[in-house]
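Descriptive analysis of the structure
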Amino acid sequence: MQIDFLFKVAHDILKRTQSVLIVAHKKPDGDTVGATAAIRSWCQQKGLAVTNFCNDPLPSQYFFLRGTEKYTNDVRVFDNQYDVLITADCGDLHFAGIHEHVAKMTAPNEKRRPLLINIDHHITNSMYGDLNIVDAHASSTCELLHRFFTKTGVELDQNMATCLLTGIITDTGHFSNPATTHEALETASSLLRQGAKSHEISRRLLRNKSIDSLRLWGSVLSRLKYNEKLGVASTVIFNRDLENKISEEHIEGVSNFLNQFLDAKVIMVLRETPDGKVRGSLRSSENVDVSQIAKLMGGGGHKKAAGFAVPGRIVEDATGWRLEE
Ligand SMILES: [Mn+2]
């Protein structure tokens, strides 16, 4: 099978590599963090010089995974030279937040050009790498990475197993959404055998809400609207909600939460951002391909989970929400 061949090529390349830059996507989630932290551990075991970059600071809930405190968002790391650049869980380089930096590194006549390995499971992946290890059937990048490690004979230590399980648990919504395939469960099971700390993951990812953030969730939930004809449930988060010491990371997960507890065809959470944009987060549990809706808005993602960002703000009217320039 082709992907096994790609695994072998990537493994051979990394055998001959001395320095690696590993990139997690903007607004990092458990899958991109788990995958990049596992790759970091493995590269360090092999004695490589490793740098981990993420455009946004990592939410502190991930600091239990080894090496995550070393991630940097200092773009000067792109001034250095690397043999290989690996992106994990990044559908495209804009989503990764490194489009301009990579364009510079790969400009014609540029001698620093690293080899770009793209490992991902987004159906909308733009295949931007020199090597594209992309499988849209995988529940998570971490599941795909586990296959890579298994097929190439890499032994996982307890930390690596915990990193990979974090990604699977995140992208399957704690084994509740349609990404919960038998492969996802088999991978999780084998990771548990390899020592992954599942209780610790649940504690760090779930039981981490403050009273203030739960109150905010309360007001966001109280704005829920339901369009019966379309089967769309929606709610909004305004910029003013985020005043008073509540940081962005506390409202992550509202759309997943609704998807878990509400029987609607499509769930849409619109959220104003401080830089004058509206970010849409779409989820579906039925046969609606929300990545198509996201694409119409200039975004992307998976069939069951997708998103977009457009300039503007949210205005409430009699029938629902409207986006205004
Ligand atoms: Mn993912």
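Residues numbered from 1 in each chain as written. Predicted model: local features only at pLDDT ≥ 70, side-chain atom pairs only at ≥ 80, totals over all residues. Heavy atoms only, no water.

1. Some remarks on the coordination of the manganese ion
Rules: Each metal's donors comprise the N, O and S atoms found within 2.8 Å of it (within 3.2 Å for Na, K or Ca). Water is not part of the atom list, so some coordination spheres may appear incomplete. Note on conventions: DSSP H or I runs of at least 4 residues are helices, E runs of at least 2 residues are strands, and numbering of each starts at the N terminus. Partly exposed describes any residue whose relative accessible area lies between the buried limit of under 20% and the exposed limit of over 50%, with all areas from a 1.4 Å probe on protein chains only and scaled to the type maximum.
Protein ligation of the manganese ion involves Asp31 (OD), Asp89 (OD), His121 (NE2) and Asp171 (OD), the donor distances falling in the range 2.1 to 2.3 Å. Between consecutive donors of the manganese ion, the numbers of intervening residues give the motif D-x57-D-x31-H-x49-D. Of this pair, Asp89 sits in the loop between β3 (84-88) and α3 (93-96) while His121 sits in the loop between β4 (115-120) and β5 (131-134), and the two are 32 residues apart along the sequence. The class for Asp89 is buried, based on a relative accessible area of 1%.

2. Re the domain arrangement of the protein chain
Threshold: Note that the domain bounds were set by an automatic or database domain assignment. Note on contacts: a residue pair is in contact if any heavy atoms of the two residues lie within 4.5 Å. In this description, buried area is defined as the sum, over both parts, of the accessible area (probe of 1.4 Å) that is lost when the two are combined. The salt bridge criterion pairs a side-chain nitrogen of Lys or Arg with a carboxyl oxygen of Asp or Glu, the two atoms within 4 Å. Counted as a polar contact is a pair of N or O atoms within 3.5 Å, where, for protein atoms, one must be capable of donating a hydrogen and the other of accepting one, and residues adjacent in sequence contribute only when both atoms are in side chains. As a working rule, the residues Ala, Val, Leu, Ile, Met, Phe, Trp, Tyr, Cys and Pro are called nonpolar, Asp, Glu, Lys and Arg charged, and the rest polar, with Gly in that last group.
Each assigned domain of the protein chain is listed here: domain 1 (2-205) and domain 2 (211-324). On a C-alpha basis, the centroid separation for the pair domain 1 and domain 2 is 27 Å. At the interface, ten residues of domain 1 touch 13 residues of domain 2. Buried area between domain 1 and domain 2, summed over both chains or domains, comes out near 910 Å², and the portion from carbon and sulfur atoms is 58%. Counting across the interface, domain 1 meets domain 2 through zero salt bridges. Across the contact surface, domain 1 and domain 2 share three residue pairs in polar contact (both at pLDDT 80 or more). Looking at the side of domain 1 that touches domain 2 residue by residue, the classes come out as three nonpolar, six polar and one charged.

3. What about the environment of Leu115?
With respect to the helices, strands and loops of the structure, Leu115 is situated in strand β4. The sequence separation of Leu115 and Asp83 amounts to 32 residues, and the corresponding C-alpha distance is 6.3 Å. Non-local contacts of Leu115, meaning those with residues more than four positions away in its chain, are made with Ile13, Asp83, Val84, Leu85 and Asp130.

4. Side note on a nonpolar patch on the surface
The test is simple: The patches described consist of residues with a relative accessible area above 30% and no salt bridge, like charges being joined within 9 Å and nonpolar side chains (Val, Leu, Ile, Met, Phe, Trp, Tyr) within 5 Å. Methods summary: accessible areas were calculated by the Shrake-Rupley approach with a probe of 1.4 Å, and residue burial reflects only the protein chains presented.
There is a patch of nonpolar side chains on the surface, built from Leu296, Met297 and Leu323 and spanning about 290 Å² of accessible area. When you line up the elements, Leu296 lands in helix α11 (residues 290-296). The exposure class of Leu296 is exposed, given its relative accessible area of 77%.

5. Quick word on the pattern of salt bridges
Pairing of side chains with opposite charge becomes possible as their charged atoms draw close. Using the criterion set out here, one finds 17 salt bridges in the structure. Measuring nitrogen to oxygen at the nearest pair gives 2.7 Å for the salt bridge that ties Arg76 to Asp74. We classify Arg76 as exposed; its relative accessible area is 57%. Look at Asp74 and you get partly exposed, because its relative accessible area is 28%. For Arg223, the salt bridge goes to Asp241, with nearest N and O atoms at 2.8 Å. Within this pair, whereas Arg223 is found in the loop between α9 (211-222) and β6 (225-227), its partner Asp241 is found in the loop between β7 (232-237) and α10 (254-261), the two being separated by 18 residues in sequence. Summarising the burial analysis for this pair, Arg223 and Asp241 share the class buried. Three or more residues joined by partner-sharing salt bridges are found here, namely Arg313, Asp317, Arg322 and Glu324.

6. Considerations on the sheet that holds β4
The pairing of strands in a sheet happens through backbone hydrogen bonds and is either parallel or antiparallel. Formally: By definition, two strands form a pair when at least two bridges between them are found by DSSP. Simply put, an axis is a line fit to the C-alpha atoms, just over the touching stretch for a helix, and the angle between two N-to-C directions goes from 0 to 180 degrees.
The five strands are arranged β2-β1-β3-β4-β5 in an open sheet whose pairing can be described as parallel. The open sheet is flanked by β2 (49-54) and β5, the only strands paired with a single partner. With direction set aside, neighbouring strand axes in the sheet form an average angle of 15 degrees. When strand β1 (residues 19-24) meets β2, the two strands line up parallel, connected through six bridges. Opposite Ser19, over in β2, you have Ala49 as the bridge partner. Those strands touched by helix α2 (residues 30-45) are β1, β2 and β3, and its axis lies near 170 degrees from that of β1. Here helix α5 (residues 141-151) sits on the sheet in contact with β3, β4 and β5, set at roughly 115 degrees to β4.

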